[in-house]
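# Reading the structure
The lines below spell out each chain.
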Amino acid sequence: MRNAWRPRERFTDTGSGFLSRRAVAPHMDRSDLAARIDHTVLGAATTTADVERVLDEAGEYGMNACVPPCYVSEAAAYAPDVTLVTVVGFPHGQHASEVKRTEADEAWEDGADELDVVLNLGRLKAGEQGRVVEELSEVVAAVPVPVKVIVETALLTDAEKHRAAEAAVAADADYLKTSTGFVDGGATVEDVALLAEYLPVKASGGIGSYEAATAMLEAGAARIGASSGVAIVEGASDG
């Protein structure tokens, strides 16, 4: 496996008995920044050529790559040295739980190093917290690789964001992720700060520049998901 890092070791006592898992973003040069970027191509019309372009760019700049699940086996063979991320239950999170588990297992078997799974927002909003936790727990348990939970912050109230984060923690997930990028709105510094009190955060959705990315990292993000990975890295200094 190309990336075995599971970011569980940085804890801060909040004074309320809860241990925060807020990421701390040090000063980063270009290579440090690149390693935190999941360079992404997930559009409905994504082709093999699109995936290969993203993999080439990820390899050149030292980024990770996030690709559709149907291309994972090809991507793993094409760029074996690139940390490979794919999605589960994407983009709405309404797949049956068994389907999500199967997707996760097949993605890992195909060569994915990390999985980004979409939380079932309808069940969360309906107050079905137990079912949300159960489903996420089953996905996490199905694979030996890091799992990020996409919570689609633009569609949630602050109270729902807290409950989504609590569900991810209870399921033993590794990260929280702000957005699929398929709804209006995306990552905000406020949402990143909120989620970072629970788990490391992948800030995703509308991050198209170095300045936007560093704002998210300063707010507590540990990872950036963006289709503009090259532009973000090229905006950084070399040292």
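Here's what I pulled together on the structure shown here. (Residues numbered from 1 in each chain as written. Predicted model: local features only at pLDDT ≥ 70, side-chain atom pairs only at ≥ 80, totals over all residues. Heavy atoms only, no water.)

## Let's talk about the overall build of the chain
Counting its secondary structure elements, the chain contains 10 helices and 10 strands. Out of the 239 residues belonging to the chain, those deemed buried represent 51%. For the chain, contacts bridging at least 24 residues in sequence account for 70% of all contacts bridging at least 6. By element, 50% of the accessible surface of the chain is carried by carbon and sulfur atoms, the whole surface being about 10,000 Å². (Helix = DSSP H or I, 4+ residues; strand = E, 2+ residues; numbered from the N terminus. Buried < 20%, exposed > 50% of the residue type's maximum accessible area, 1.4 Å probe, protein only. Contact = heavy atoms within 4.5 Å. Areas by Shrake-Rupley, 256 points an atom, 1.4 Å probe, with all protein chains shown as cover.)

## Some points on the environment of Gly-185
Here Gly-185 shows up in the loop between strand 8 (175–177) and helix 8 (189–195). Note: C-alpha distance between Gly-185 and Thr-153 (32 residues apart in sequence) is 8.4 Å. Beyond its immediate sequence surroundings of up to four residues, Gly-185 is in contact with Ala-154 and Ser-179.

## Comments concerning the pattern of salt bridges
Inspection of the entire model under this criterion finds 16 salt bridges. A single salt-bridge network, built from bridges that share partners, covers Asp-38, Glu-114, Asp-116, Lys-148, Lys-177, Lys-202 and Arg-223. (Salt bridge = Lys/Arg side-chain N within 4 Å of Asp/Glu carboxyl O.)

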